[in-house]
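Listed below, chain by chain, are the residues.
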Amino acid sequence: MGNIALFRLFLFHGLLRISAAVTIYYAPGQNPFSTTSADASSYTGAAAYNPTTIDPPALPDPLPSLSLDFNLQSNPTGLSITQSGAFMGFSVEMSVANQVCESILQVPFLNLLATISQRAGAVRVRVGGNSQDTASEVATLDDGKVLEKDLSGVTNPTETPPLVFTPDLLYMMRNISDFVNVRWFVGIPFNDSSNFRLEIAQFAQEILGDYLMGVQAGNEPDLYAAHGHRSSNYSQYDYVGELGSLIDDMSQYSNLSIAQNLLLIPSVSGTWTPEEVWDTGVMDTYSSNIAWMSVEHYPTDNCYAQFGTGTPRNATELWPTYLMHSSAQSLVQPYLNSTTYAQTKGKPFIMFETNTASCGGFPGISDVFGAALWGLDYGLLMAASNFSGGMFHVGGESVYYNVAPPTNQSSFREWTVGPVFYSSLVIAEALGPSNQSQVLEVGAENQSTYTPNYVIYENGQPVRMVLINFLSDSSGSSNYTANIAIGGGQTGQSNTTPSQVTVKYLTASSVSQKGDYSWAGQTFGGNFDSDGRLGGTESIQTIPCDQSAQVCSVSVPAPGAALVFLTNELTETEGAPSTTFATTTVTNTGNTATVDASVLATSNGRNGNSPLGSSSKGSANGGVIFRESIAGLLFRVGSIGALGLFLRAAYVL
């Protein structure tokens, strides 16, 4: 089975390094891209590793201004609420939690989480989605599984199966938190409001303890009628009535005394506006039980190509829209009233599920460097607009925006890290672990849609900037220069521009590049290159400032982003000690036959319909309970599958 891994979540892109132009055949409704390339001419593997790319959009004519002036000041108006460095978290679809079956916590996943935690102080992970609404708890499952899907019971347009799970799911989550400061959200099944199944909340309270952050009450209830889970006239008032019944039920159990006051609502997706739910009075009626106010939203969907429902989308036409600040603005604007309302109620407001497109995203958009810049801009604009967090969703290897392994990898350095993990990493480092950071978008009045910029304040003082360049031009001719001054000028404040600034860059050769992105000279590599740790030599640039002009000039590559430290204080290891977990132990000591990569890369597999062999010698089931000690990691779990949980779904990271 795999090395010590824990999540093969970030496994993404294509399998071979051979590049060739090919003809791509599409599902009904999926329009051909203008230019495509693939690592093999007949790729038919999982969506998560589809090698399709789309050419970068043409540069705008005329180009936007490539010299931007910023005169920052202390205590400006318009600062956001204080933000956590753990602002961007990860949403794991519950039904795909067991796609990788392992008997140990996978170390690469621990390393990935630790990479965020050392910058932010913590990591937020949600386990849920559509599949949580049909989940039922059982004491045990065959072969030590933590969950099992009933594929015959699929009803949603997204083909989400009902499932059963065991308490081992929660024990796995707690084991992860014992190594890295991961804070969890779970969800109560909502498909039968006459008989709420409360076990997941009960086990979460008992097992996760203080690591439990929230309990979702209903996932996208505004879609229940359309998906056939409620009557056609199901309304916001019906949902609030069901919420009241849930709270009444939870109040009957002492082992829900904490969970009943951690509810997260309403998680609407856009069919209802959040205001329509607030207008029911729910925030006043159940204020003591509601800990989080939430929504879920994607820029668009690819449902027609994936499932034959909805509207056909042309990915080539959509691609340029992800490379503009206007994308983030259009996503955030509908919720500005709600972020203001949440402050009046003293509640955090969170984008509980998002990514590049629902129904799996798009190849060549969701899995390339442009998505990393899109996620960085979107996350920071949410922070500047008084959201209290966001969650990038992961749904298994059948989606393009995902990170997940194609097989059970055995070598320790065989994970693939996807683009929006880099988004989360930069946001964590930009906000830092102080929990006092405030975000301000600057230059919005006159900046181009291709060059959004943000300032991070602490205690009223500017301490960091994030500068983004969506243009894709490897010649360097479209790099822009940010001229930064602090105080002086017309601010009415004394000039405090530093003598130098330090800069970390997020770069790639093109917005269409897959893998091998650079963060300050380090990378998680390309396909199957990563053990969860940044590799290479870190390169932090020191840029002298012009003392006579009192300005610091920072170049921002096209494409790329710059994190500018305006003080001598870096945030890379402020959240937690720099911790890595050993990857020197391997679990595969037998059955080490290999398959030619060119064959494997284009294999259809067997669609999960054939039984898997065992990882235990002499057994076809591998259902033995055992203890495995791996470089200090000791767990008792059901053989294959007991640790499947995140061993794969959770990362969009």
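Residue positions are given per chain, counting from 1 as you read along its sequence in written order. Reporting of local features is limited, given that this is a predicted model, to residues whose pLDDT is at least 70; pairs of side-chain atoms are given and counted only at 80 or more, and all residues count toward the totals for whole chains, interfaces and linings. Only hydrogens and water are set aside when side-chain values are computed; all heavy atoms of the structure are taken into account.

A.B. asks: Is there a simple way to think about the overall build of the protein chain in this case?
C.D. replies: Helix numbers and strand numbers start at the N terminus; a helix is a DSSP run of H or I with at least 4 residues, a strand a run of E with at least 2. Secondary structure summary: the protein chain contains 13 helices and 23 strands in total. For the protein chain, the residues scored as buried account for 60% of the 653 residues in total. A separation threshold of at least 6 residues defines the contact pool for the protein chain, and within that pool the share at least 24 residues apart is 80%. Using a 1.4 Å probe, the Shrake-Rupley method yields the accessible areas, and only the shown protein chains count as cover for residues. Element-wise, carbon and sulfur atoms account for 47% of the exposed surface of the protein chain, whose accessible area totals about 23700 Å². Any residue under 20% of the maximum accessible area for its type is buried, any over 50% is exposed, and the rest in between are partly exposed; the area is computed with a 1.4 Å probe on protein chains only. The contact definition used throughout considers only heavy atoms, calling two residues in contact when any of these lie within 4.5 Å.

A.B. asks: Would you explain unusual backbone geometry in this entry?
C.D. replies: Backbone phi values are negative for most residues with the exception of glycine, while trans is the configuration of most peptide bonds. Residues aspartate 61 and proline 62 are joined by a peptide bond in cis, for which omega reads 10°. Turning to its location among the elements, proline 62 is positioned in the segment before β1 (67-72). Omega for the peptide link from isoleucine 265 to proline 266 comes to -10°, which places this bond in the cis form. Looking at the secondary structure, you find proline 266 in strand β9 (residues 263-268). Positive phi values are uncommon outside glycine, yet asparagine 435 reaches one of about 60°. With respect to the helices and strands, asparagine 435 occurs in the loop between α12 (419-431) and β13 (437-441). Take asparagine 435: its relative accessible area is 40%, and that puts it in the partly exposed class.

A.B. asks: Even after reading the chapter, I still don't get the sheet that holds strand β20 (residues 552-556), so can you show me in this structure?
C.D. replies: Strands belonging to one sheet form pairs held by backbone hydrogen bonds; the direction of such a pair is parallel or antiparallel. If you walk across this open sheet you meet the 3 strands as β1-β16-β20, and the pairing is mixed. At either margin of the open sheet sits one strand with a lone partner, and together these are β1 and β20. The mean angle between the axes of side-by-side strands here comes to 25°, regardless of whether they run parallel or antiparallel. In this scheme, strands are said to pair when DSSP sees at least two bridges between them. Strand direction decides the pairing type here: strand β16 (residues 480-486) and β20, joined by 5 bridges, are antiparallel. Across the sheet, the residue bridging to asparagine 483 is serine 553, located in β20. Between N-to-C directions, angles span 0 to 180 degrees; the directions come from axes that are lines fitted to C-alpha atoms, helices contributing only their stretch in contact.

A.B. asks: Would you mind showing me how to read the packing of aromatic side chains here?
C.D. replies: Centre-to-centre distance and the angle between the planes together describe a pair of aromatic rings. Between rings of Phe, Tyr and Trp, where Trp is taken as its six-membered ring, a pair exists when centres lie within 6.5 Å; planes separated by under 30 degrees are stacked, by over 60 edge-to-face, and by other angles tilted. By the definition in use, this model includes 18 aromatic pairs. Judged by centre distance (5.2 Å) and plane angle (75°), the rings of phenylalanine 185 and tryptophan 292 are edge-to-face. With phenylalanine 185 in strand β7 (residues 182-188) and tryptophan 292 in strand β10 (residues 290-296), this residue pair connects regions lying 107 residues apart in the sequence. You can call phenylalanine 185 buried: its relative accessible area is 0%. Considering the side-chain rings of phenylalanine 369 and tyrosine 517, the 5.4 Å spacing of their centres and the 45° angle between planes classify their relative orientation as tilted. Of this pair, phenylalanine 369 sits in helix α11 (residues 369-384) while tyrosine 517 sits in the loop between β17 (500-507) and β18 (518-519), and the two are 148 residues apart along the sequence. For phenylalanine 369, a relative accessible area of 0% corresponds to the buried category. Cluster of aromatic residues (ring-pair linked, three or more members): Phe90, Phe369, Phe421, Tyr422, Tyr517 and Phe524.

A.B. asks: Help me understand the environment of asparagine 527 in this model?
C.D. replies: Structurally, asparagine 527 can be placed in the loop between β18 and β19 (541-544). Distance from asparagine 527 to glycine 515, taken between C-alpha atoms, is 6.9 Å for residues 12 residues apart in sequence.

A.B. asks: For this particular structure, what's the right way to read the pairing of strand β14 (residues 453-458)?
C.D. replies: Residues in a regular strand point their side chains to alternate faces of the sheet. Counting buried residues in β14 gives 6 out of 6 residues, a clear majority hidden from the surface. Burial of β14 is two-sided: the residues Asn453, Val455 and Tyr457 facing one way and the residues Tyr454, Ile456 and Glu458 facing the other way are all buried. Sheet topology note: the β13/β14 ladder contains 5 bridges and is antiparallel. The residue bridging serine 437 from the neighbouring strand is glutamate 458, located in β14. As judged from the 6 bridges shared by β14 and strand β15 (residues 461-469), these two strands associate in the antiparallel manner. Across the sheet, residue isoleucine 456 finds its bridge partner in β15, namely arginine 464. Hairpin geometry of β14 and β15 is characterised by an intervening segment of 2 residues between the two adjacent antiparallel strands and by a positive phi of about 55° at asparagine 459.

A.B. asks: What exactly am I supposed to notice about the packing of helix α9 (residues 325-332) against α11 here?
C.D. replies: The description of two helices packed together rests on the angle between their axes and the distance between the axes. It is at 9 Å that the axes of α9 and α11 come closest, and there the two elements cross at 40°. Classified by the angle between their axes, α9 and α11 sit oblique to one another. The element α9 and its partner α11 pack so that their crossing is right-handed. Each of His325, Ser327, Ala328, Gln329, Leu331 and Val332 in α9 lies in contact with α11, whose residues at this interface are Trp374, Asp377, Tyr378, Leu381 and Met382. For the contact of α9 with α11, a count of residues per class yields 7 nonpolar, 3 polar and 1 charged. Roughly parallel refers to an angle under 35 degrees, roughly antiparallel to one over 145, roughly perpendicular to one between 65 and 115, and oblique to any angle outside these ranges. Whether a crossing is left-handed or right-handed is set by the direction in which the near helix is turned from the far one by less than a right angle, anticlockwise for left-handed and clockwise for right-handed. Residues are sorted three ways: Asp, Glu, Lys and Arg are charged, Ala, Val, Leu, Ile, Met, Phe, Trp, Tyr, Cys and Pro are nonpolar, and all the rest, Gly among them, are polar.

A.B. asks: How should the state of the cysteines be read in this particular structure?
C.D. replies: Disulfides are defined as cysteine sulfur pairs within 2.5 Å. Here the structure, examined in full by the defined rule, presents 2 disulfides. Here cysteine 303 pairs with cysteine 359 through a disulfide, and the sulfurs are 1.9 Å apart. Here cysteine 303 and cysteine 359 share a disulfide; its torsion about the S-S bond, 75°, makes the bridge right-handed. With cysteine 303 in helix α7 (residues 303-307) and cysteine 359 in the loop between β11 (349-354) and α11, the pair connects residues that are 56 residues apart, well separated along the chain. Residue classification places cysteine 359 among the buried residues on the basis of a relative accessible area of 11%. Linked covalently through their sulfurs, cysteine 545 and cysteine 552 form a disulfide whose S-S length is 2.0 Å. Handedness here is read from the sign of the S-S torsion; for cysteine 545 and cysteine 552, about 100°, the answer is right-handed. Neither residue differs from the other here; cysteine 545 and cysteine 552 are each classed as buried. Sequence-ordered numbering of the bonded cysteines in the protein chain yields a pairing of 1-2, 3-4.

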